[in-house]
Every structure is written in C-alpha cells, then in structure tokens.
Amino acid sequence: MTDVTPFARTLDQELLALLRGASLECPMCGEFVLHDGAAVRCPECGLVAHGKLEQNVFPLKLDSQAG
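This report concerns the structure included in the present document. Just so we're clear, the structure is a prediction, and the values are computed from it rather than from any experiment. (Residues numbered from 1 in each chain as written. Predicted model: local features only at pLDDT ≥ 70, side-chain atom pairs only at ≥ 80, totals over all residues. Heavy atoms only, no water.)

Right, let's talk about the pattern of salt bridges for a bit. In this structure the tally under the stated criterion is one salt bridge. Measuring nitrogen to oxygen at the nearest pair gives 3.1 Å for the salt bridge that ties Asp-36 to Arg-41. A residue is classified by how much of its surface remains accessible, and Asp-36, at 43% relative accessible area, is partly exposed. Under the relative-accessibility criterion, Arg-41 is labelled partly exposed at 33%. (Salt bridge = Lys/Arg side-chain N within 4 Å of Asp/Glu carboxyl O. Buried < 20%, exposed > 50% of the residue type's maximum accessible area, 1.4 Å probe, protein only.)

Rendered as structure tokens:
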C-alpha cells in the first residue's frame, strides 16, 4: 500500500512560484496569467502581482479588485 502525503501550498509559496515563472496559474481564480516584465497579470480576475526575487527579500505588491 502506498502512503499519500497531503500537499498544500501556502499563498506565499504560490506567489513566489508565480513570480519566478514556475507557475502559470492565478492563485485567485485558477486561470492562466500573463507575464508583463516584473508584473504578473490575470486577465480573468484582474490580479496583478508586482515584485522581484532578490537575495531572499520579497517585496510584493498585489492589486486586485473584488467584483
């Protein structure tokens, strides 16, 4: 019998994967995102993540609007 290990990423891990290009899925709605320079945009829900990955410092700004 094989043991199943539960796998759940935190929002921080999802956003880091998104900004470094390892993920192409929006963490809010699950649609594909567009990479625009240092920003990542979701055309479906409007999520915009701005940030740079430098020396374990992660300045991140999110713009999103409900509705």
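This is not the end of the story, as more comes after the structure.
Here is the key point about a regular strand: its side chains alternate between the two faces of the sheet. Here strand β2 (residues 39-41) runs beside strand β3 (residues 48-51); their pairing, made up of three bridges, is antiparallel. Within β3, the residue paired with Arg-41 across the bridge is Val-48. Counting the residues between successive antiparallel strands, the hairpin from β2 to β3 contains six residues, one of them, Gly-46, with a positive phi of roughly 90°. (Pairing = 2+ DSSP bridges. Helix = DSSP H or I, 4+ residues; strand = E, 2+ residues; numbered from the N terminus.)

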